Amino acid sequence: MPEEVASTSSAPGAPKEAEGKKKSLPWIEKYRPQRFEEIVGNEETVARLGIFASQGNAPNIIIAGPPGVGKTTTILCLARILLGPNFREAVLELNASNERGIDVVRSKIKMFAQQKVTLPRGRHKIVILDEADSMTEGAQQALRRTMEIYSNTTRFALACNTSEKIIEPIQSRCAMLRFSKLSDAQVLAKVVEICQHENLSYDEDGLEAIVFTAQGDMRQALNNLQSTANGFGHISGANVFKVCDEPHPLLVQDMLQHCVKGDIHKAYKIMSKLWKLGYAAEDIIGNVFRVCRRMDMNEKLKLYFIREIGETHMKIVDGLNSLLQMSGLLARMCEASYEHS
């Protein structure tokens, strides 16, 4: 009798458990591209990697670019094509922002490079270093030597936000590839595809809000989409901004329109409201720039506004992040609108 119970309970539970795990996965992992064809944007750079993959003998590479554009994903796709079934045992993936000291290079990376793994002719083990620009200079110097010694058996793929922080000797040993931010259209297309796949309820304002908050970062877009879907069940502009908690672009747009009309009192009222809501000066000025850039207004006036916004942003970064700075910006923009009217 106990045997019967055991057999009936274990078999049907397994597929349900696997299904549950898949459902609980973050969408950035669930929809992470597995092949080059699935990667969004930076087509020319991905095509160059495709050539490396087809020829089999990939060089050491550095991929530099902003966050969330698919740098690590692209390297993983390349490793899967080159190594096939040996992928698990022949790839070492480290996040250099956590493990960034010289000891990691001397222990983990060196030990992996020394390991013997049977691979097809012309294939090499691959060390993937994410956030490589966070590595200390000592670790980078040690890595340079390791790259030299084990060049016959191991290839290194480094992903970083800014290549300037990688020392010159490592840069000269690698093929440099640069990724750029994704366009709004590319992010939108992927977001719509996932909405349809997940049977989500959405409207145009909601999709625009997702794209606006992502700013060319696909990871940010998918996280915001999943958070809004889980929290509210419907992707609308209001719901997205509740989840992302950014200064609402419509409020910022109203404020800028008052500046165009030269109405400092109404413009300041909105700025004061945003300030009282607790938004940081850097968040406000960032959204003021993004909205101003897209606004339909006199071109000369727009250029003046953008210059003033840029100068104020610089002061905020230097630590002058008070409401007085923001009010001064509004006053200068209102004054400029009188001169250009």
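Rules and cut-offs
Residues numbered from 1 in each chain as written. Predicted model: local features only at pLDDT ≥ 70, side-chain atom pairs only at ≥ 80, totals over all residues. Heavy atoms only, no water. Buried < 20%, exposed > 50% of the residue type's maximum accessible area, 1.4 Å probe, protein only. Helix = DSSP H or I, 4+ residues; strand = E, 2+ residues; numbered from the N terminus. Pairing = 2+ DSSP bridges. Domains from an automatic or database assignment. Axes fitted to C-alpha atoms, helices over the stretch in contact; angles between N-to-C directions. Left-handed = near helix turned anticlockwise from the far one by under 90°. Contact = heavy atoms within 4.5 Å. Nonpolar A, V, L, I, M, F, W, Y, C, P; charged D, E, K, R; others polar. Phe/Tyr/Trp six-rings, centres within 6.5 Å; stacked < 30°, edge-to-face > 60°. Lys NZ or Arg CZ within 6 Å of the ring centre and 35° of its normal. Expected span 1.5 Å × (residues − 1). Arc of directions from axis to C-beta. Parallel < 35°, antiparallel > 145°, perpendicular 65-115°, else oblique. 1 Å grid on protein atoms, 1.4 Å probe; cavity = no way out; pocket = protein on both sides within 12 Å on 5 of 7 lines; lining within 4 Å. Points joined across faces, edges and corners; volume = space filled by probe spheres on them.

Examining the pairing of strand β1 (residues 61–64)
Side chains of β1 alternate between two faces, with Ile61 and Ile63 and Ile62 and Ala64 buried alike. Sheet topology places β1 next to strand β4 (residues 154–160); four bridges connect them, and they run parallel. Bridge assignment links Ile61 to a residue of β4, and that residue is Ala157. Note that β1 and strand β5 (residues 175–178) share four bridges and pair parallel. By the bridge assignment, Ile63 is partnered in β5 with Leu177.

Observations regarding the domain arrangement of the chain
Looking at the assigned domains, one finds that the chain contains domain 1 (27–178), domain 2 (184–244) and domain 3 (249–340). Taking only C-alpha atoms into account, the centre of domain 1 sits 42 Å from that of domain 3.

Focus: the packing of helix α9 (residues 184–197) against helix α11 (residues 218–232)
Between α9 and α11, whose axes approach to 10 Å, the crossing angle comes to 35°. Judged by the twist between their axes, the crossing of α9 over α11 is right-handed. Listed contacts from α11 to Gln186, Val187, Lys190, Val191, Ile194 and Cys195 of α9 are Met218, Ala221, Leu222 and Leu225. When the residues that make up the contact of α9 with α11 are grouped by side-chain class, the tally is eight nonpolar, one polar and one charged.

A look at the packing of aromatic side chains
On inspection of all chains with the given rule, the structure shows one aromatic pair. In this structure, Arg80 packs its charged tip against the face of Phe87, placed 5.2 Å from the ring centre. The ring centre of Phe212 lies 5.4 Å from the NZ or CZ of Arg290, which sits over that ring.

A closer look at the sheet that holds β1
The strand order across the open sheet built from five strands is β2-β3-β4-β1-β5, with neighbouring strands paired in parallel fashion. Two strands close off the open sheet at either side, each with one partner strand: β2 (91–95) and β5. Each strand of the sheet is rotated relative to its neighbour by a mean of 15°, with strand direction disregarded. Bridge analysis of strand β3 (residues 125–130) against β4 gives five bridges, and the strand direction is parallel. Bridging across to β4, Leu129 finds its partner in Leu158. Across the sheet, helix α3 (residues 43–55) is in contact with β1 and β5; its angle to β5 comes to roughly 145°.

Observations regarding the side chain of His258
Looking at the element boundaries, His258 is found in helix α13 (residues 249–261). Ignoring any residue separated from it by four or fewer positions in sequence, one finds His258 in contact with Asp263, Lys266, Ala267 and Ile270.

Points about helix α7 (residues 137–149)
Helix length check: α7 (13 residues) gives 19 Å between terminal C-alpha atoms against 18 Å at 1.5 Å per residue, within 8%. For α7, the set of buried residues is Ala139, Gln140, Ala142, Leu143, Thr146 and Met147. Seen end-on, α7 carries its buried residues on one side only, within an arc spanning 160°. Along its buried surface, α7 packs onto α6 (102–114), β3, β4 and α8 (168–172).

Some thoughts on the packing of helix α16 (residues 299–317) against helix α17 (residues 323–340)
α17 packs onto α16 with a crossing angle of 165° between their chain directions and a minimal axis gap of 10 Å. By the angle between their directions, the pair α16 and α17 is classed as roughly antiparallel. For the pair α16 and α17, the sense of crossing is right-handed. Between α16, through Lys300, Leu301, Tyr304, Phe305, Glu308, Ile309, Thr312, Lys315 and Ile316, and α17, the contact on the second element is made entirely by Gln325, Met326, Leu329, Arg332, Met333, Ala336, Ser337 and His340. When the residues that make up the contact of α16 with α17 are grouped by side-chain class, the tally is nine nonpolar, four polar and four charged.

Some remarks on empty space enclosed by the protein
In the structure shown here, the tally under the stated rule is two cavities of 30 Å³ or more. Its volume calculated, the largest cavity comes out at about 70 Å³. Lining of the largest cavity is provided by Ala58, Pro59, Ile61, Ile75, Leu78, Ala79, Leu82, Ile126, Arg155, Phe156 and Ala157. Of all the secondary structure elements, the ones that give two or more residues to the lining of the largest cavity are α4 (71–83) and β4. Residue classes in the lining of the largest cavity are distributed as ten nonpolar, no polar and one charged. Here the second largest cavity defines a volume of roughly 50 Å³.

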